[in-house]
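One-letter residues, chain by chain:
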Amino acid sequence: MRVMIFGCGYSGQAIAEAFEAEGARVSGTARSTEKAQDLATKDIHAFVFDGSAFSNELLIELREVTHLVQSIPPGKEGDPLLKLLARQLRELCPKLQWIGYLSTVGVYGDHGGGWVTEETPGSPILGRSIERVDTEEAWISEGKGGGIPVAILRLAGIYGPGRNAFVNLARGTARRIIKKDQVFNRIRVEDIGGAALFLAKREMEGIYNVTDDEPGPPQDVIIEAARLMGVEPPPEQDFETADMTPMARSFYGANKRVSNAKIRALGFQFRFPNYRMSLDEMWSTGRWRG
């Protein structure tokens, strides 16, 4: 496999690690030379891509790519990569066998704490999630036009080494916001890498929820992390009166439980199916620091 990851950030690097473990050659893009140099230290063949145009070097690389992952979020003008690839996907990537697009479970919107599956119609309540739905459809259409399977990975809240409740507690930024009956799903970043590899090797297409088994109240994660650290959790704050940014508050507007049964039925096994075992692993190994 020869893999190209557009937007090789936190999730993209976990995907790179998963593919590299299978012996794949992995390339990735970053927005700056400095970040591209950082990718190169991780055995990722790095290219600078700011969304405006492909460099000659990147065009040469695309001709050899067999698997493509798009992790760059859409902007007000849509998906920057799709605009450059549209209607010439086969011409620019003649060896391409599979596309993975990283989306979000935010596309489901609010379901009052009820369960949602890939069959649940999207009803996003936030602008960024609305853009995701349009982009998902555009990638599926582009794939069909080029005869290339496209898998949409709808990701829950991402956490892992370097980005977790331990880090927030250590920095003094952890908050225990209480909103009655509110639950969230989450996903350990290594499981994103594993799911992408699983779907790519099988050239699977369609929509897949990539999330843990256990949606739960966000404050419970803070309490468990504090217990493992042996520190007092931060005091409870009522959602209605808590001082929060508009973006932070907006996340609480969508309450749902997201099912991962579809990808499990295919045989994928999550390494970290719930936050308790995941936090325990990070704490016991010291990997929580990143």
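For the structure given in this document, a descriptive report is provided here. (Residues numbered from 1 in each chain as written. Predicted model: local features only at pLDDT ≥ 70, side-chain atom pairs only at ≥ 80, totals over all residues. Heavy atoms only, no water.)

### Let's talk about the overall build of the protein
Then, in step 1: Across its full length, the protein carries 12 helices and 13 strands.
Then, in step 2: Taken over C-alpha atoms, the radius of gyration comes to 19 Å for the protein, in line with the 19 Å a tight globule of 290 residues would show.
Then, in step 3: In terms of its C-alpha atoms, the protein occupies a principal-axis envelope of roughly 55 × 40 × 35 Å.
Then, in step 4: Looking at the protein as a whole, 52% of its 290 residues qualify as buried.
Then, in step 5: Long-range contacts, defined as pairs at least 24 residues apart, comprise 77% of the intrachain contacts of the protein with a sequence gap of at least 6.
Then, in step 6: Summing over all exposed atoms, the protein offers an accessible surface of approximately 13,500 Å²; the carbon and sulfur share of this is 50%.
Then, in step 7: Between the mean site of the 35 positive side-chain charges and the mean site of the 38 negative ones, the protein shows a separation of 0 Å. (Helix = DSSP H or I, 4+ residues; strand = E, 2+ residues; numbered from the N terminus. Rg over C-alpha atoms; globule rule 2.2 N^0.38 Å. Buried < 20%, exposed > 50% of the residue type's maximum accessible area, 1.4 Å probe, protein only. Contact = heavy atoms within 4.5 Å. Areas by Shrake-Rupley, 256 points an atom, 1.4 Å probe, with all protein chains shown as cover. Lys, Arg positive; Asp, Glu negative; His and termini not counted. Charge placed at Lys NZ, Arg CZ, Asp CG, Glu CD.)

### Section: helix 9 (residues 218-229)
Then, in step 1: When the terminal C-alpha atoms of helix 9 are compared, their 17 Å separation across 12 residues agrees well with the 16 Å that a helix rising 1.5 Å per residue should span.
Then, in step 2: Most of helix 9 is tucked away, with 9 of its 12 residues classed as buried.
Then, in step 3: Residues of helix 9 that are buried: Pro 218, Gln 219, Val 221, Ile 222, Glu 224, Ala 225, Ala 226, Leu 228 and Met 229.
Then, in step 4: Tucked inside the fold, the buried residues of helix 9 contact helix 7 (165-171), strand 9 (176-178), strand 10 (186-188) and helix 12 (275-285).
Then, in step 5: Backbone geometry just downstream of helix 9 places Gly 230 in the positive-phi region, at approximately 75 degrees. (Expected span 1.5 Å × (residues − 1).)

### Quick notes on the state of the cysteines
Then, in step 1: Following the criterion strictly, the structure yields 0 disulfides and no others.
Then, in step 2: This cysteine, Cys 93, is not joined by any disulfide, and Cys 8 carries the nearest cysteine sulfur, 17 Å off. (Disulfide = S-S within 2.5 Å.)

### Looking at unusual backbone geometry
Then, in step 1: The phi dihedral of Arg 87 falls on the positive side, at around 65 degrees, and the residue is not glycine.
Then, in step 2: Position of Arg 87 among the secondary structure elements: in the loop between helix 4 (80-85) and helix 5 (89-92).
Then, in step 3: Its identity is not glycine, yet Asp 181 carries a phi of approximately 65 degrees, on the positive side.
Then, in step 4: Relative to the helices and strands, Asp 181 is located in the loop between strand 9 and strand 10.
Then, in step 5: Accessibility expressed as a relative area gives 57% for Asp 181, which makes it exposed.

Any link to function would need more than the numbers given here.
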